[in-house]
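# Structural features, examined
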Amino acid sequence: MIYDDKYEKTEERMLDVIDTVQDLTKDRFIASLYIRRCTPLDVDIKLAEVRRCLDIVHGESLRLAKLELTYNLDFAVDDNQRFTTAERLFNRLRSSMACIRKTFHQSCPIIRKLPKNPNFRPSVFERSVLTKGCCGRDLYDITSFDDNVQALYYEQQALFANVILSLAICYRVIKQERETCADPKLCVQRLDDQCRRILAELEDKMDHMKDIPECEIQKMIDEMGKDNYAQKNFHKPTVKALTDYAIYIAQQRNKSKNLLQNASLIISDPVKAKDVIVLLQHFDELRPDNRRKMNSLTIRLFCNWCHNDKVDNPKQKYYRFLLNNYHGEKEEFPEWHAVTTSKNGRDMYAEQRKFNQEVEELLKKYRPVIEKEAV
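Residues numbered from 1 in each chain as written. Predicted model: local features only at pLDDT ≥ 70, side-chain atom pairs only at ≥ 80, totals over all residues. Heavy atoms only, no water.

Turning our attention to the environment of Arg101. With respect to the helices and strands, the residue Arg101 is situated in helix 5 (residues 94-105). When its relative accessible area of 25% is taken as the criterion, Arg101 is described as partly exposed. Separated by 23 residues in sequence, Arg101 and Val124 have C-alpha atoms that sit 7.4 Å apart. (Helix = DSSP H or I, 4+ residues; strand = E, 2+ residues; numbered from the N terminus. Buried < 20%, exposed > 50% of the residue type's maximum accessible area, 1.4 Å probe, protein only.)

Look at helix 1 (residues 11-21) against helix 7 (residues 147-181): their axes get within 10 Å of each other, and the N-to-C directions meet at 150 degrees. With respect to their mutual orientation, helix 1 and helix 7 come out roughly antiparallel. Regarding helix 1 and helix 7, the two cross each other, and that crossing is left-handed. On helix 7, the residues that touch Glu11, Met14, Leu15, Val17, Ile18 and Val21 of helix 1 are Phe160, Ile164, Leu167, Ala168, Cys170, Tyr171, Ile174 and Arg178. Partitioned by chemical class, the residues of the contact of helix 1 with helix 7 number twelve nonpolar, no polar and two charged. (Axes fitted to C-alpha atoms, helices over the stretch in contact; angles between N-to-C directions. Parallel < 35°, antiparallel > 145°, perpendicular 65-115°, else oblique. Left-handed = near helix turned anticlockwise from the far one by under 90°. Contact = heavy atoms within 4.5 Å. Nonpolar A, V, L, I, M, F, W, Y, C, P; charged D, E, K, R; others polar.)

This part takes up the nonpolar core. Counting 45 residues, the largest nonpolar core has Phe29, Phe104, Phe125, Leu159, Phe160 and Leu167 as the members making the most contacts within it. For this core, the secondary structure elements donating two or more residues are helix 1, helix 2 (26-35), helix 3 (40-70), helix 4 (85-91), helix 5, helix 6 (124-127) and helix 7. When residues in this core are grouped by element, the largest group, twelve residues, is from helix 7. The contact partners of Leu167, leaving out residues within four places of it in the chain, are Met14, Val17, Ile18, Phe90 and Leu93. (Core = buried A, V, L, I, M, F, W, Y, C linked by side-chain atoms within 4.5 Å.)

Its identity as a non-glycine residue notwithstanding, His235 has a phi of 70 degrees, on the positive side. Looking at the secondary structure, you find His235 in the loop between helix 10 (226-232) and helix 11 (239-266).

Let's shift gears to the packing of aromatic side chains. Where two aromatic rings form a pair, the distance of their centres and the angle of their planes describe that pair. Under the definition given, this model contains six aromatic pairs. Look at Tyr319 and Trp336: their rings are 5.3 Å apart centre to centre, the planes differ by 50 degrees, and that puts the pair in the tilted class. Of this pair, Tyr319 sits in helix 14 (residues 316-325) while Trp336 sits in helix 15 (residues 336-340), placing them 17 residues apart in sequence. Side by side, Tyr319 and Trp336 carry an identical accessibility label, which is buried. Chaining the aromatic ring pairs together yields one cluster made of Phe75, Tyr229 and Phe234. Here the guanidinium or amino end of Lys272 rests over the ring plane of Trp305, the centre of that ring lying 4.8 Å away. (Phe/Tyr/Trp six-rings, centres within 6.5 Å; stacked < 30°, edge-to-face > 60°. Lys NZ or Arg CZ within 6 Å of the ring centre and 35° of its normal.)

Next up, the structure:
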């Protein structure tokens, strides 16, 4: 009869293998030697194989223990597009699972008779005397056997213990990941912390990097909101994508910092200088509906607002600052002459009060966002 040693790389199979491997007893171990009629030479061969596997499996368990320290602290991980978490972790246990499958194969009874159904292939995890089925108690204790048999038993126990440790680490990592995904604030913290670590590593190279005009992660954050994005995409973006996002954020902050320095040269009030930066980023929201070209009156009112609401004499330096730093199409901007003549037939004090109210609403909406991003 041919046995099947395949297994699904799922969390359920992980727990099942842990339970299966834990069932090893001395009586079952002795029965596994009898069922294959092992000679002293067979025991020596098995001992050499188990010791070789033990070295490999112990190394895997140490690498997994190291992975556990940082895996759920990182928002982005490698190979995330190729596997689910359970499958990815199982793939780190290739050698461990290969050793287990071989051990279980060698402890299944040999059945020469062909089954009625040729496609019937029972699992080694179900038919191995090491863990399943009835097993009578041996008349003699393990201490009555040769030294090599005793050594094989204890080495086999050590091998199974390392496999259980590795699988327990994998299960613990998956559980921690699930708990992290349930907390949107914690997901955002993981996102920000990894971005800070990336930028710290790239600090010496930032000045030589090209500007990133568009960032896919930033687009998704703008559409979904940062909390919602972080919760739904924990461990989904690649490390490269997150690196691009971190660089993009750093570049935008540097631009805002330089912009603030320029704004401070023409506006002495530091609070208003920061508010000007907020308005620049959302200036299109002050544009009247169905207007392709920027409204000259809006620009005049902006200049007046920068100049402490003095409506009679708008300063051209505020117009130049807005023109130089406006993020949209410069062709939409009216000439300075149109700005200075835009008050004709209007109550400028009433217009200014209305504009200031709209500005205050914008600032209340976007100030917290800008301050949060600057942290």
